[in-house]
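Listed below, chain by chain, are the residues.
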Amino acid sequence: MASKQSLAVALAILAVALPLAMAADIVVGGDNGWMPDFNYTLWAEGQEFIVGDNLIFKYNEGDHNVIPVGGAEFKACRAGGEDKVLSSGNDVLPLKTTGKKWYLCGKGDHCDRGQKLVITVLPDVGLAPSSPPPPPSSSANRVGFLTCWMLLMAIVARIMN
Ligand SMILES: *[C@@H]1O[C@H](CO)[C@@H](O)[C@H](O)[C@H]1NC(C)=O
């Protein structure tokens, strides 16, 4: 009986901590995906990027690509020859460090037509009380974790009964 209770307590703690500790998968451009003639600066303003999150670029393979570049390349809309090119159509980029990150599409005039993204990655401050709550558009990305949390709570409720 005691072990059952401590298991329930452990699960309850996990259930509370999980959605806050887990990283978000952020699809660049939302439903629009990765395309020219879209203002990614405007889109990024409504997002929060935190170390541990994944940036996902979605597009039809062959139509576009994703090149992580430096600030100067970004400004010039030109990638260097040695830059890594991602081209799977579903490119997942883990955000490992804080600071500014730049990405552009190296196909045709796509970058000049706005297919470029600059973001600022924030540190993962965990449960620090001073951390501001994420904006609504960002919390939508975490809905999956809320489902996870509710599932765990259901398990806890079962054990307690
Ligand atoms: C994109 O949106 C930003 C922020 O509102 C704005 O400053 C910029 O001029 C826009 N870019 C284009 C190409 O419309």
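See the structure shown above.
Residues numbered from 1 in each chain as written. Predicted model: local features only at pLDDT ≥ 70, side-chain atom pairs only at ≥ 80, totals over all residues.

(A) View of the site of the ligand. Taken together, Asn39, Thr41, Leu42 and Gly114 make up the full set of residues near the ligand. Split by residue class, the shell around the ligand holds one nonpolar, three polar and no charged. (Near = placed C-beta within 6 Å. Nonpolar A, V, L, I, M, F, W, Y, C, P; charged D, E, K, R; others polar.)

(B) Spatial organisation of unusual backbone geometry. Here the phi dihedral of Asp37 falls at roughly 60°; this positive angle occurs in a residue that is not glycine. Look at Asp37 and you get exposed, because 9 C-beta atoms sit within 10 Å. For Cys77, which is not glycine, the phi torsion reads 60° and is therefore positive. Tracing the backbone through its elements, the reader meets Cys77 in the loop between α3 (71-76) and β5 (90-94). Judged by the 18 C-beta atoms lying within 10 Å of it, Cys77 is partly exposed. (Buried ≥ 20, exposed ≤ 12 C-beta atoms within 10 Å, placed from the backbone. Helix = DSSP H or I, 4+ residues; strand = E, 2+ residues; numbered from the N terminus.)

(C) Broad picture of the sheet that holds β5. The strand order across the open sheet built from three strands is β1-β3-β5, with neighbouring strands paired in mixed fashion. Among the strands making up the open sheet, the edge pair consists of β1 (25-27) and β5. The sheet shows a mean angle of 25° between the axes of neighbouring strands, direction not considered. Taken together, the five bridges between strand β3 (residues 54-58) and β5 define a ladder with antiparallel strand orientation. Opposite Lys58, over in β5, you have Asn90 as the bridge partner. (Pairing = 2+ DSSP bridges. Axes fitted to C-alpha atoms, helices over the stretch in contact; angles between N-to-C directions.)

(D) Just the sheet that holds strand β2 (residues 49-50), in detail. Within the open sheet, the four strands sit side by side as β2-β7-β6-β4. Their pairing is mixed. Here the strands that pair on one side only, and so sit at the sheet edges, are β2 and β4 (67-69). Looking at chain direction, β4 and strand β6 (residues 99-104) are connected through three bridges and run antiparallel. Residue Pro68 lies in a different strand from β6, and its bridge partner there is Tyr103.

(E) Representation of the environment of Val85. Its location among the elements puts Val85 in the loop between α3 and β5. Val85 sits 16 residues away from Val69 along the chain, and the two C-alpha atoms are 9.8 Å apart. In contact with Val85, not counting residues within four places along its chain, are Asn65, Ile67 and Gly106. (Contact = placed C-beta atoms within 7 Å.)

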